[in-house]
Amino acid sequence: MSEINFKGRVAIITGAGAGLGKQYALEFAKRGAKVVVNDLGGAKDGSGQGTSAADQVVDEIKALGGEAAANYDNVATVEGGEKIVKTAVEKFGKVDILVNNAGIVRDKTFNKMDEATWDSVVNVHLKGAFCVTLPAFINMRENNYGRIVMTTSSSGMYGNFGQSNYAAAKLGLLGLANVLKLEGGKYNIKVNLIGPTAATRFTEDIFPPELFAKLKPDFVAPAVLYLCSEDCTDSGVVINAAAGYYSRSAIVTGPGAILSDGTRVPTPEDIKDNWKQIMSLDKPEYYYQSVEMFNAFAELLK
Ligand code: NAI
């Protein structure tokens, strides 16, 4: 079995001063990557900032004999994204790997949601991924190589009470990845998503202590490292990772029901009468891109 290594590779990990990002940064560095450790250094809700979180991780990497540079910019601004990528290019010459991991939470039930709370969370997760990925993607295209991981969440894929802002942003990242996998395809840029479950400050008041103890970020890192390796040729997939369990989630389409030959418009009653078949997820199809879905419809309607 060939060993996965990142010698000669440059990795940017956003939000790498703590939690999952810190673990990724250490593991990439242990396997030879030069790592940009980005972290704004604020609290779980995004308030405040500081340099010590990123600095400490850089020190840890250097103590292990690795190479790393700190960056303290905010992922949620275009300027911040450019500076993060500039740090990689100026210190290490390029960007091969980007893990969009930085995140905050500001939970509120939707009836109490206000614009500032919505924007702050969407800006860090979704706009942040845009701001950092754009300059990184341009650099990767020039080098004909790139591995990008977005961080999604079961909150977005399935819903989680009180997290409308967070869930919307997290699933928005799937849409972004779905397009970048196509636009990056011919440049050997693979864009995948990790759906982690891990014991961090994000989850310390959610999981019971016995479960929290099992959910070390260490268990998520191997999946992220594989997705960022040369060996990974898949693009656009969501991998869930938690405490030694790994699985794939995907948006799939059921077999459906043909209720017309294309000349008669079905009635709402036809929909009601065929609801079970329309709702069926028996033998679902996964489409790599939307044109495949249109083609499948065209075939069915022939
Ligand atoms: P964490 O709070 O330990 O780490 C997030 C890091 O991002 C912090 O160090 C923080 O300073 C940094 N950060 C926040 N806003 C930033 C900004 N604007 N610019 C730069 N850095 C910023 O949380 P955790 O759990 O490690 O989360 C990492 C990612 O994983 C997040 O995207 C989170 O949404 C996601 N996630 C985590 C889950 C879990 O079970 N811990 C579950 C699902 C998703």
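Treat the numbers as computed from the prediction; the structure is a model and nothing was measured. (Residues numbered from 1 in each chain as written. Predicted model: local features only at pLDDT ≥ 70, side-chain atom pairs only at ≥ 80, totals over all residues. Heavy atoms only, no water.)

## Some words on the domain arrangement of the chain
At step 1: When cut into domains, the chain gives domain 1 (10-249) and domain 2 (252-302).
At step 2: The gap between the C-alpha centroids of domain 1 and domain 2 is 36 Å. (Domains from an automatic or database assignment.)

## Section: the packing of helix 1 (residues 19-30) against helix 2 (residues 52-63)
At step 1: Orientation of helix 1 relative to helix 2, taken along the N-to-C sense of each, is 25°, at an axis distance of 10 Å. Compared by their axis directions, helix 1 and helix 2 come out roughly parallel. Here helix 1 runs over helix 2; the crossing is right-handed. In this structure, helix 1 contributes Lys22, Ala25, Leu26 and Ala29 to the contact, and helix 2 contributes Val57, Glu60 and Ile61.
At step 2: For the contact of helix 1 with helix 2, a count of residues per class yields 5 nonpolar, no polar and 2 charged. (Axes fitted to C-alpha atoms, helices over the stretch in contact; angles between N-to-C directions. Helix = DSSP H or I, 4+ residues; strand = E, 2+ residues; numbered from the N terminus. Parallel < 35°, antiparallel > 145°, perpendicular 65-115°, else oblique. Left-handed = near helix turned anticlockwise from the far one by under 90°. Contact = heavy atoms within 4.5 Å. Nonpolar A, V, L, I, M, F, W, Y, C, P; charged D, E, K, R; others polar.)

## Comments concerning the nonpolar core
At step 1: Ranked by internal contacts, the top residues of the largest apolar core, which has 35 residues, are Ile12, Ile148 and Met150.
At step 2: Within the residue set of this core, elements represented by two or more residues are strand 1 (10-13), helix 3 (78-92), helix 4 (115-143), strand 5 (146-151), helix 6 (164-183) and strand 6 (189-196).
At step 3: Looking at this core, the element that brings in the most residues is helix 4, giving 7 residues.
At step 4: Residues contacting Met150, with those up to four places away along its chain left out, are Asn100, Ala129, Thr133, Leu173, Leu176, Ala177, Leu180, Val191, Asn192, Leu193 and Ile194.
At step 5: Within the second largest apolar cluster, 34 residues are counted, among which are Ile97, Ile194, Cys228 and Cys232. (Core = buried A, V, L, I, M, F, W, Y, C linked by side-chain atoms within 4.5 Å. Buried < 20%, exposed > 50% of the residue type's maximum accessible area, 1.4 Å probe, protein only.)

## Description of the site of the ligand
At step 1: Close to the ligand lie 30 residues, the nearest being Asp39, Asn74, Tyr166, Thr200 and Arg201.
At step 2: Contact between the ligand and Val75: a nitrogen atom at 3.1 Å from a main-chain N or O atom of the residue.
At step 3: Burial of the ligand by the surrounding chains reaches 96%, relative to a free accessible area of 820 Å².
At step 4: Elements represented by at least two residues in the shell around the ligand include exactly helix 1, helix 4 and helix 6.
At step 5: By residue class, the composition of the shell around the ligand is 11 nonpolar, 15 polar and 4 charged. (Near = heavy atom within 4 Å. Polar contact = N/O pair within 3.5 Å; in protein donor to acceptor, adjacent residues only side chain to side chain. Areas by Shrake-Rupley, 256 points an atom, 1.4 Å probe, with all protein chains shown as cover.)

## Describing the side chain of Asn240
At step 1: Here Asn240 is to be found in strand 7 (residues 238-242).
At step 2: Within polar-contact distance, the side chain of Asn240 engages the side chain of Ser249 at 2.8 Å.
At step 3: Setting aside residues up to four positions removed in sequence, Asn240 forms contacts with Met157, Gly195, Tyr245, Tyr246, Ser247, Arg248 and Ser249.

## A few points about helix 3
At step 1: In this model, helix 3 (15 residues) spans 21 Å end to end at C-alpha, consistent with the 21 Å of a helix rising 1.5 Å per residue.
At step 2: Where helix 3 is concerned, the buried positions are Gly80, Gly81, Ile84, Val85, Thr87, Ala88 and Phe92. Viewed end-on, helix 3 has its buried residues packed into an arc of 140°, placing them on one side of the element. Turned more than 90 degrees away from the buried face of helix 3, the exposed residues are Glu79 and Glu90.
At step 3: Contacts from the buried residues of helix 3 go to strand 1, strand 2 (34-38), strand 3 (67-71) and helix 4.
At step 4: Downstream of helix 3 by one or two residues, Gly93 has phi in the positive range, about 95°. (Expected span 1.5 Å × (residues − 1). Arc of directions from axis to C-beta.)

## Description of the side chain of Asn100
At step 1: Mapped onto the fold, Asn100 is located in strand 4 (residues 97-100).
At step 2: Discounting residues that sit within four places of it in the chain, Asn100 has contacts with Thr14, Ala129, Val132, Thr133, Ile148, Val149, Met150 and Thr151.

## Topic: the environment of Gln289
At step 1: Examined against the element boundaries, Gln289 turns out to sit in the loop between helix 10 (275-279) and helix 11 (290-300).
At step 2: Spatially, the C-alpha atoms of Gln289 and Thr203 are 34 Å apart, while their sequence positions differ by 86 residues.

## So, the packing of helix 3 against helix 4
Packed helix pairs are specified by the crossing angle of their axes together with the interaxial distance, meaning the distance between the axes.
At step 1: In contact at an axis separation of 7 Å, helix 3 and helix 4 are set at 40° when each is read in the N-to-C sense. In terms of axis orientation, helix 3 runs oblique to helix 4. Crossing geometry of helix 3 relative to helix 4 is assigned as right-handed. Residues Val78, Gly81, Glu82, Ile84, Val85 and Val89 of helix 3 form the contact with helix 4, whose participating residues are Phe130, Cys131, Val132, Pro135, Ala136 and Asn139.

## Focus: the sheet that holds strand 8 (residues 245-249)
At step 1: Strand order in this open sheet of 8 strands is 3-2-1-4-5-6-7-8, and the pairing throughout is mixed. The strands lining the two open edges of the sheet, one partner per strand, are strand 3 and strand 8. For this sheet, the mean inter-axis angle between neighbouring strands, taken without regard to orientation, is 20°.
At step 2: Bridge analysis of strand 6 against strand 7 gives 4 bridges, and the strand direction is parallel. Residue pairing across strands places Gly195 opposite Asn240, the latter belonging to strand 7.
At step 3: Those strands touched by helix 3 are strand 1, strand 2 and strand 3, and its axis lies near 150° from that of strand 3. (Pairing = 2+ DSSP bridges.)

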